[in-house]
Amino acid sequence: MSKPYNMKIRNIVFDFGGVLVDWNPRYYYRNYFNDDAKMEYFLANVCNDKWGLENDRGRTYAEGIRELTPKFPEYREAIELYPVHWPEMLKGDKPESVALLRQLHDEKADNGGCRFRLYGLTNWSAENIHIAFERFDFLSLLEGTVVSGIEKMAKPDPGIYRLLLSRYGLKAEESVFIDDREENVEAARQLGFNGIVFVSADDTRRQLDAMSD
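None of these values were measured; they are calculated from a predicted model. (Residues numbered from 1 in each chain as written. Predicted model: local features only at pLDDT ≥ 70, side-chain atom pairs only at ≥ 80, totals over all residues. Heavy atoms only, no water.)

To continue, consider the nonpolar core. Tyr29 and Phe42 are the most contacted members of the largest nonpolar core, which totals 50 residues. Apart from residues lying up to four places away in sequence, Tyr29 is in contact with Asn34, Met39, Phe42, Leu43, Ala78, Leu81, Tyr82 and Met89. If you look at the next biggest cluster of nonpolar residues, it comprises 16 residues, including Val13, Leu164, Leu165 and Ala188. (Core = buried A, V, L, I, M, F, W, Y, C linked by side-chain atoms within 4.5 Å. Buried < 20%, exposed > 50% of the residue type's maximum accessible area, 1.4 Å probe, protein only. Contact = heavy atoms within 4.5 Å.)

Have a look at this one:
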């Protein structure tokens, strides 16, 4: 559960993948392997979350491929195709979440201004973040976004949350951080953010309403 605060919620910070957009390497590799068991082995042991996080932390895909292929030479082609077919792994947006984002953007405070300021904090490679911004116009509703691959540090590193706060002049206790990974939300809570582990847009809306009453 999120820690309650008496201070008014002013800022809402969204993760991208799993919250606003639907990204999954299975969208490409299911057809590549044509065998779910082989695909799952590859994604669990070769191009796995740990490997991907280093790409999100600022390592280039070329560097990641050079590090990985000597360990798994039998998967050389599959590894090398990861960045080539990355756009196919980004299936699309999450419509209910995008609708929520638009609602929050359009809501007005008592003084007529926007009720909330909206931001992004995403673990994403610097090499392909442009694809998301080119493909999804709703990301322009965010006042600012911190991208891990550009900053060369990734959630749940406390430093990236502090960077968000300092860059945009935010107070953690006035902010809600929304992410689909519990460890990322917990890291934000430790710094004073209100936190929501994303399950659905409806659940997120209910929690936001409870926090901002």
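Right, let's get into the side chain of Glu107. Examined against the element boundaries, Glu107 turns out to sit in the loop between α7 (95–106) and β4 (117–122). A relative accessible area of 19% places Glu107 in the buried class. Setting aside anything within four residues of it in sequence, one finds Glu107 in contact with Gly113, Cys114, Arg115, Phe116 and Arg205. (Helix = DSSP H or I, 4+ residues; strand = E, 2+ residues; numbered from the N terminus.)

Looking now at the packing of aromatic side chains. Under the definition given, this model contains 20 aromatic pairs. Ring centres of Tyr28 and Tyr32 lie 6.0 Å apart, and the angle between their planes is 35 degrees; on these two criteria the pair is classed as tilted. One end of the pair is Tyr28 and the other is Tyr32, both in helix α1 (residues 26–33) and four residues apart, which spans about a single turn. What makes Tyr32 partly exposed here is its relative accessible area of 28%. Judged by centre distance (5.5 Å) and plane angle (45 degrees), the rings of Phe42 and Tyr75 are tilted. Taken together, the residues Phe42 in helix α2 (residues 36–45) and Tyr75 in the loop between α4 (61–68) and α5 (76–84) connect sequence positions 33 residues apart. Comparing Phe42 with Tyr75, the two get one shared label, buried. (Phe/Tyr/Trp six-rings, centres within 6.5 Å; stacked < 30°, edge-to-face > 60°.)

Quick look at the pattern of salt bridges now. Overall, the coordinates contain 19 salt bridges when judged by the stated rule. Where Arg10 meets Glu174, a salt bridge forms, and the shortest distance between an N and an O atom there is 3.4 Å. Highlighted residues: Arg10 in the segment before β1 (11–14) and Glu174 in the loop between α10 (158–168) and β6 (175–179), separated in sequence by 164 residues. Residue class for Glu174 comes out buried when judged on its relative accessible area of 11%. We note a salt bridge from Arg205 to Asp209, for which the minimum N-O separation is 2.9 Å. You can see Arg205 and its partner Asp209 sitting in helix α12 (residues 201–212), four residues apart, about one turn around the helix. Residue classification places Arg205 among the buried positions, given a relative accessible area of 17%. Taking relative accessible area as the criterion, Asp209 reaches 30% and is therefore assigned partly exposed. (Salt bridge = Lys/Arg side-chain N within 4 Å of Asp/Glu carboxyl O.)

Function cannot be read off these values alone, since they describe shape.
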